[in-house]
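As a plain string of letters, each chain reads:
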Amino acid sequence: MNLLDLFKRRGSAPVARERLQVLLAYERRNRSQPDLVSVLREEIMAVIARHVQIDQDYLQVSMDRGETMSTLEIDIQIPNKSARPLAMSA
Amino acid sequence: MGKVVVVTSGKGGVGKTTSTAALGAAVARTGKKVALVDFDVGLRNLDLIMGAERRVVFDLVNVIQGTAKLSQALIRDKRVETLFLLPASQTRDKDALTEEGVGEVIEKLSSVFDYVFCDSPAGIERGAQLAMRFADEAVIVTNPEVSSVRDSDRIIGLLDARTVKAERGEQIAKHVLVTRYDAARAARGEMLSIDDVLEILSTPLLGIIPESQDVLKASNLGSPVTLSDPTNSAARAYIEAAKRLEGEELPVVVPFERKGFLDRLFGRRAA
């Protein structure tokens, strides 16, 4: 206990509590569903593979959760050499 | 049939094994027959906390695989004669446990013992799920800290979905045991309070174990804290928690804040 505490009683616990409440509300909602990002990743991969040959590592799917809205980011790198022959035959 | 209680947490290092030993010994001290089962295959430690590490001959995996009888693997405690330990295997991998085998062992134990405490490994994988699989009740060990509370919430979800009781549509009785609670830090708002933890987990409280040197000392000595020195604050908290587990209605007293110099000077109440 120091002098500052006399004026500022709030510690970091309220922040911890608030972060947990937001996080757990989200996690409980999604508990019964399979991991959305990995499902999306697999299906996107399957769609692309029908047209272009790409490596698993060239597909990045990520989700940035906001409080009211989330952003889904999909980053696909298609190497030019493998894209051409397949694209022509398709 | 005895009661099967899983001691679990999700997160490691929060005090599952310490709590299993302390609660089990506290219940056994009252004359009840108690078996402690270590499910942490590959990383067993309950034998060490119980001070029985040099007496392990057979283990849970031996019993499941039929290379030893249950009665051969059970180790009787030297201090409390109604207390027994079934150690985990140190050498096998965790796939050595089968659901069927675990089910048979738990059934045999619960037909002989009043209480069977299953000390879960950390995590939410197979070992942890097998430890909770046949439980009637669960003690969720939680530290007042964000990652521990989050993992406890996850475990509560598993208890409600993956236990035999839950699959039958019954409710598994769940209790939160808050360990390593530092009253002074909670009063200063540096640590999640008991109310915070209970509100977030919305699960009833079994007890609050204060952060205490005596717990480490008991581990060093290889004795559950409720046996080595039943008068210290941590031991008393465990003994009371054990009574609540047995159905006794005892109010939980939140450990009070040790007052600092300025608090005393101005007579401030804890916020």
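Up top is the structure these notes are about.
As the structure is a prediction and not an experimental result, all values here were calculated from the model.

Colleague: Hey, could you run me through the overall build of chain B in this one?
Modeller: Check the secondary structure of chain B and you find 14 helices and 8 strands. Its C-alpha atoms give chain B a radius of gyration of 18 Å, within 12% of the compact-globule value 18 Å for 271 residues. When the backbone C-alpha atoms are referred to their principal axes, chain B occupies close to 70 × 40 × 35 Å. For chain B, the accessible surface area stands at approximately 12200 Å², while carbon and sulfur atoms represent 48% of it. Positive and negative side-chain charges in chain B, numbering 36 and 38 respectively, have mean positions lying 4 Å apart.

Colleague: Help me understand the packing of aromatic side chains, please; the structure alone is not making it clear to me.
Modeller: Each aromatic ring pair is summarised here by two numbers: the centre-to-centre distance and the angle between the ring planes. Residues and elements named next belong to chain B. According to the stated counting rule, one finds 2 aromatic pairs over all chains in the structure shown. Summarising the aromatic geometry, the rings of phenylalanine 84 and phenylalanine 113 are spaced 5.4 Å apart at their centres and angled 70° between planes, so their arrangement reads as edge-to-face. Residue phenylalanine 84 is located in strand S4 (residues 83-86), and its partner phenylalanine 113 is located in the loop between helix H5 (99-112) and strand S5 (115-119); the two are separated by 29 residues in the primary sequence. Measuring from ring centre to ring centre gives 6.0 Å for tyrosine 115 and phenylalanine 117, while their planes differ by 20°; the resulting arrangement is stacked. As far as the burial class goes, tyrosine 115 and phenylalanine 117 line up, both buried. Sitting over the ring of phenylalanine 113, lysine 33 keeps its end group 5.1 Å from the ring centre.

Colleague: So what exactly am I meant to see when it comes to the pairing of S5 of chain B here?
Modeller: Within a regular strand, side chains alternate between the sheet's two faces. Residue and element names in this part refer to chain B. Across the 5 residues of S5, 5 count as buried, placing the element largely inside the fold. Side chains Tyr115, Phe117 and Asp119 of S5 all project onto a buried face; the interleaved residues Val116 and Cys118 project onto the opposite face, where all are buried too. Two elements, strand S1 (residues 3-8) and S5, share 5 bridges in a ladder whose sense is parallel. Its bridge partner lying in S5, lysine 3 is registered against tyrosine 115.

Colleague: Please explain the packing of helix H2 (residues 13-30) of chain A against helix H10 (residues 194-201) of chain B as it appears in this structure.
Modeller: The relative placement of two packed helices is expressed as an angle between their axes plus a distance between the axes. Remark: H2 of chain A packs on H10 of chain B, axes separated minimally by 10 Å, with the N-to-C direction vectors making an angle of 15°. By the angle between their directions, the pair H2 of chain A and H10 of chain B is classed as roughly parallel. In this structure, H2 of chain A meets H10 of chain B at a crossing whose hand is right-handed. Where H2 of chain A approaches H10 of chain B, its residues Arg17, Leu20, Gln21, Leu24 and Arg28 of chain A are matched on the opposing element by Asp196, Glu199, Ile200 and Leu201 of chain B. When its residues are assigned to classes, the contact of H2 of chain A with H10 of chain B shows 4 nonpolar, 1 polar and 4 charged.

Colleague: Got a minute to help me understand the environment of alanine 22 of chain B in this structure?
Modeller: Residue and element names in this part refer to chain B. Along the polypeptide, alanine 22 turns up in helix H1 (residues 16-29). The class for alanine 22 is buried, based on a relative accessible area of 0%. The sequence separation of alanine 22 and phenylalanine 134 amounts to 112 residues, and the corresponding C-alpha distance is 22 Å. Not counting chain neighbours up to four residues away, the residues in contact with alanine 22 comprise Pro224, Val225, Thr226 and Tyr238.

Colleague: Hey, could you run me through the environment of valine 14 of chain B in this one?
Modeller: Residue and element names in this part refer to chain B. Examined against the element boundaries, valine 14 turns out to sit in the loop between S1 and H1. Between the C-alpha atoms of valine 14 and leucine 216, which are 202 residues apart in sequence, the distance is 13 Å. Non-local contacts of valine 14, meaning those with residues more than four positions away in its chain, are made with Ser9, Val141, Asn143, Ser148 and Thr179.

Colleague: What exactly am I supposed to notice about the pattern of salt bridges here?
Modeller: Pairs may arise between side chains of opposite charge once their charged atoms sit close together. Within this structure, the stated rule accounts for 16 salt bridges over all chains. The salt bridge partner of arginine 28 of chain A is aspartate 153 of chain B, with a shortest N-O separation of 2.6 Å. Pair noted here: arginine 28 of chain A is in helix H2 and aspartate 153 of chain B is in helix H7 (residues 146-162), and the two residues belong to different chains. The class of arginine 28 of chain A is partly exposed, set by a relative accessible area of 36%. Salt bridges sharing partners connect three or more residues here, namely Arg17 of chain A together with Asp196 and Glu199 of chain B.

Colleague: Just to check I follow, could you spell out the pairing of S4 of chain B for this structure?
Modeller: All names here are of chain B. Side chains Leu83 and Leu85 project from S4 onto one buried face, and the interleaved Phe84 and Leu86 project onto a second face that is buried too. Summarising the sheet, strand S2 (residues 34-38) and S4 pair through 4 bridges and their orientation is parallel. Of the residues in S4, the one forming a bridge with valine 34 is leucine 83. In this structure, strand S3 (residues 75-76) lies alongside S4, joined through 2 bridges in antiparallel fashion. Paired with isoleucine 75 across the two strands is leucine 85, which belongs to S4. Counting the residues between successive antiparallel strands, the hairpin from S3 to S4 contains 6 residues.

About the criteria used
Residue numbering note: each chain is counted from 1, following its sequence as written. To label them, take the chains in the order written and letter them from A, then take the ligands in the order written and number them from 1. Side-chain atom pairs in this predicted model are given and counted only at pLDDT of 80 or more, local residue features only at pLDDT of at least 70, and totals for whole chains, interfaces and linings cover all residues. The side-chain quantities take in all heavy atoms of the structure and omit both hydrogens and water. We count a stretch as a helix when DSSP gives it H or I for four or more residues in a row; a strand needs E for two or more, and each element gets its number in order from the N terminus. Between the two quantities, the radius of gyration covers C-alpha atoms and the globule rule is 2.2 Å times the number of residues to the power 0.38. Every accessible area reported is derived by Shrake-Rupley at a probe size of 1.4 Å, with residue values counting cover from the shown protein chains alone. When charges are counted, neither His nor the chain ends are considered; positive counts come from Lys and Arg and negative counts from Asp and Glu. By convention, the point assigned to a charge is CZ for Arg, NZ for Lys, CD for Glu and CG for Asp. Any two of the Phe, Tyr and Trp rings considered here, Trp counted by its six-membered ring, make a pair once their centres fall within 6.5 Å; the pair's planes then place it as stacked at under 30 degrees, edge-to-face at over 60, or tilted in between. Burial here depends on accessible area, computed with a 1.4 Å probe over protein chains only, as a share of the maximum for the residue type. Under 20% is buried, over 50% is exposed, and the range in between is partly exposed. Here, a charge over a ring means that NZ of Lys or CZ of Arg falls within 6 Å of the ring centre while also lying within 35 degrees of the ring normal. Only strands joined by at least two bridges in the DSSP assignment are considered to pair. Every axis corresponds to a line fitted to the C-alpha atoms, with the helix fit spanning only the stretch in contact, and the corresponding angles, defined between N-to-C directions, vary from 0 to 180 degrees. Oblique is the label for every angle not falling under 35 degrees (roughly parallel), over 145 degrees (roughly antiparallel), or within 65 to 115 degrees (roughly perpendicular). Left-handed describes a crossing whose near helix is turned anticlockwise from the far helix through less than a right angle; right-handed describes the clockwise counterpart. Whether two residues are in contact is decided by their heavy atoms, any of which lying within 4.5 Å being enough. Three residue categories are used. Nonpolar comprises Ala, Val, Leu, Ile, Met, Phe, Trp, Tyr, Cys and Pro, charged comprises Asp, Glu, Lys and Arg, and polar comprises the others, including Gly. The working definition used for a salt bridge is a side-chain nitrogen of Lys or Arg within 4 Å of a carboxyl oxygen of Asp or Glu.

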